[in-house]
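Examining the three-dimensional arrangement
Okay, here's what each chain looks like letter by letter:
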Protein chains: 2
Amino acid sequence: MREKELRRSMSVLPIGTVMKLTDLTARQIRYYEQQDLIKPVRNEGNRRMYSLNDVDRLLEIKDYLDDGLNISGIKEVYKKQEQLEDERKKNLQKGLTDSDVRKILQDEFMNIGGLKPPSSTFDNPNNFHKFNE
Amino acid sequence: MREKELRRSMSVLPIGTVMKLTDLTARQIRYYEQQDLIKPVRNEGNRRMYSLNDVDRLLEIKDYLDDGLNISGIKEVYKKQEQLEDERKKNLQKGLTDSDVRKILQDEFMNIGGLKPPSSTFDNPNNFHKFNE
DNA sequence: AAAATGATGTCATAAAATATAACATTTGGG
DNA sequence: CCCAAATGTTATATTTTATGACATCATTTT
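My aim in this report is to walk through the structure given alongside it, one point at a time. In this text, all values refer to a predicted model and were calculated from it rather than measured experimentally. Here the residue numbering is sequential within each chain, running from 1 through the sequence in written order. Each chain is given a letter, starting from A, and each ligand a number, starting from 1, according to the order in which they appear as written. The model is predicted, so local features are restricted to residues of pLDDT at least 70 and side-chain atom pairs to those at 80 or more, both for listing and for counting; the totals for chains, interfaces and linings are taken over all residues. Excluded from the side-chain calculation are hydrogens and water; included are all heavy atoms of the structure.

1. Focus on the protein's contact with DNA strand D
Selection rule: If a single non-hydrogen atom of a residue is within 4 Å of a molecule or strand, that residue counts as near it. Contacts described as polar in this section are N or O atom pairs within 3.5 Å, which, within protein, must combine one atom able to donate a hydrogen with one able to accept it, while residues neighboring in sequence count only if both atoms come from side chains. Secondary structure follows DSSP: runs of H or I at least 4 residues long count as helices, runs of E at least 2 residues long count as strands, and numbering of each begins at the N terminus. Throughout, the ten residues Ala, Val, Leu, Ile, Met, Phe, Trp, Tyr, Cys and Pro are labelled nonpolar, Asp, Glu, Lys and Arg are labelled charged, and all others, Gly among them, are labelled polar.
Not every one of the 19 residues close to DNA strand D is listed here, only the nearest: Arg48 of chain A together with Thr25, Arg27, Tyr32 and Ile71 of chain B. The contact atoms of DNA strand D, taken as those within 4 Å of the protein, divide so that sugar and phosphate hold 70%. Here a sugar or linking oxygen of DNA strand D and a side-chain polar atom of Asn46 of chain A are 3.1 Å apart. Separating a phosphate oxygen of DNA strand D from a side-chain N or O atom of Thr25 of chain B is a distance of 2.6 Å. Breaking the surface near DNA strand D down by element, the ones donating at least two residues are α2 (15-22) of chain A together with α3 (26-34) of chain B. With 4 residues, the single largest contributor to the surface near DNA strand D is α3 of chain B. A class-by-class count of the residues in the surface near DNA strand D yields 6 nonpolar, 7 polar and 6 charged.

2. Observations regarding the protein's contact with DNA strand C
Taken together, 19 residues form the shell around DNA strand C, and within it Thr25, Arg27 and Ile71 of chain A together with Arg47 and Arg48 of chain B come nearest. Here DNA strand C approaches the protein such that, of its atoms within 4 Å, sugar and phosphate make up 70%. Between DNA strand C and the protein, one listed contact pairs a phosphate oxygen with a side-chain N or O atom of Tyr31 of chain A at 3.0 Å. With respect to DNA strand C, the side chain of Tyr32 of chain A contributes an N or O atom lying 2.9 Å from a phosphate oxygen. Contributions of two or more residues to the surface near DNA strand C are made by α3 (26-34) of chain A together with α2 (15-22) of chain B. Taken together, the residues of the surface near DNA strand C break down into 6 nonpolar, 7 polar and 6 charged.

3. Section: the packing of helix α4 (residues 52-66) of chain B against helix α5 (residues 71-93) of chain B
Residues and elements named next belong to chain B. We apply this condition: All axes here are fitted lines through C-alpha atoms, helices being fitted over the stretch that makes contact, and every angle between N-to-C directions spans 0 to 180 degrees. Any angle between 65 and 115 degrees counts as roughly perpendicular, while under 35 counts as roughly parallel, over 145 as roughly antiparallel, and the rest as oblique. Crossing handedness is defined as follows: a turn of the near helix away from the far one that is anticlockwise and smaller than a right angle gives a left-handed crossing, while the clockwise case is right-handed. Contacts are assigned to residue pairs that have any heavy atoms within 4.5 Å of one another.
Contact geometry for α4 and α5: axes closest at 10 Å, N-to-C directions at 130 degrees. In terms of orientation, α4 lies oblique with respect to α5. Here α4 runs over α5; the crossing is right-handed. Across the interface between the two elements, Arg57, Glu60, Ile61, Tyr64 and Leu65 from α4 touch Ile74, Val77 and Tyr78 from α5. The class makeup of the residues in the contact of α4 with α5 is 6 nonpolar, no polar and 2 charged.

Set out below in C-alpha cells:
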C-alpha cells in the first residue's frame with residue numbers, strides 16, 4: 001500500500017492541529033525542530049506544515065522524554081535508526097532480503113570453527129533440525 | 001480497521017490545505033458548505049477545520065459538477081445515499097444481511113401471483129432455470 | 001553553593017491565514 | 001435578453017503563526 005505512505009508524509013497540518021494531536025506546546029514543537037528532531041516543511045507564507053509522520057515522531061519524542069532521555073539521547077536513537085535503514089537499503093540494492101542477510105551471518109558463524117549454524121530458538125522454534133543430528 | 005475511519009473523520013485540516021488538496025478556491029468550499037454539501041467543524045477561533053472525508057467529498061462534488069450536475073442534483077444524490085445507508089442500518093439492526101433482504105424480496109414476488117421467483121438475468125445470467133420449465 | 005545548561009514558559013511584534021459580507025462577473029437555459 | 005447559479009473580488013476584523021528576547025525551573029558541573 002504505497003498510497004498510504006504517501007499520505008502519511010504529506011505536510012498538511014498546521015502547528016495548531018499538531019499541538020492538539022500531540023498535547024505539546026508550540027514552544028516545544030519548535031524547540032524539537034531547532035534540535036533537528038523534526039523538519040516540517042514551510043508553506044509559501046512561511047508557516048510550518050506537518051505530516052502524520054511528524055505527529056508520530058513528536059509522540060515518540062514525548063515518550064522518550066517521559067522515559068528520562070534527553071534531546072541528545074533521542075537524537076542518538078534516531079541517528080542509529082537511520083544507520084540501520086541505510087544498511088537495509090544497501091542490502092536491498094544488492095538484491096538481498098533480511099533473511100538472506102541472516103543466512104549469510106549464519107554461514108560466517110559456521111566457518112569460524114567448522115561448526116553448524118547456531119539456529120536460535122527464534123528462527124527455529126521447535127528445533128526441528130535436531131531430528132537430523 | 002476502525003482506527004482508519006476515525007482518522008479519516010478527524011477534523012484537522014485548515015481551509016488552506018483543503019484548497020491545495022482539492023484545487024478549489026475558498027469561495028467554492030464555503031459555498032458548498034452553505035449549500036449543506038459539507039459541514040466542517042469550527043475550532044475555538046471559529047476557523048473551519050476539515051477531515052479527509054471532507055476532502056474526498058469535495059473531490060466528489062468537483063467530479064459531479066464536471067459531469068454537468070448542479071448543486072441541487074448533487075444534494076439529491078447525497079440524500080438518496082443517506083436513505084440507502086439508513087435502510088441498511090435498519091436491516092442490520094434486525095440482523096438481516098443484504099442477501100437476506102434480496103431473498104425476502106424474491107419471496108414477496110412469488111406470492112404475488114403464485115409464481116416462481118423472477119430470477120433476473122443478473123442473478124441468473126445464463127437462465128439455467130429455463131431447463132426446468 | 002554557585003554557575004552553567006537544558007527544557008520550557010511568557011511576552012511583544014509582525015506577518016499570514018481565515019471569516020464574513022457585500023458587490024461584481026460569468027455562464028447556461030428559458 | 002433576462003434570470004439565477006456558481007464563482008470572483010474586495011474590504012475589514014479576528015485568529016493563527018513566526019521570531020526573538022527574556023524569564024523560570026530543574027539538573028549537572030565545577
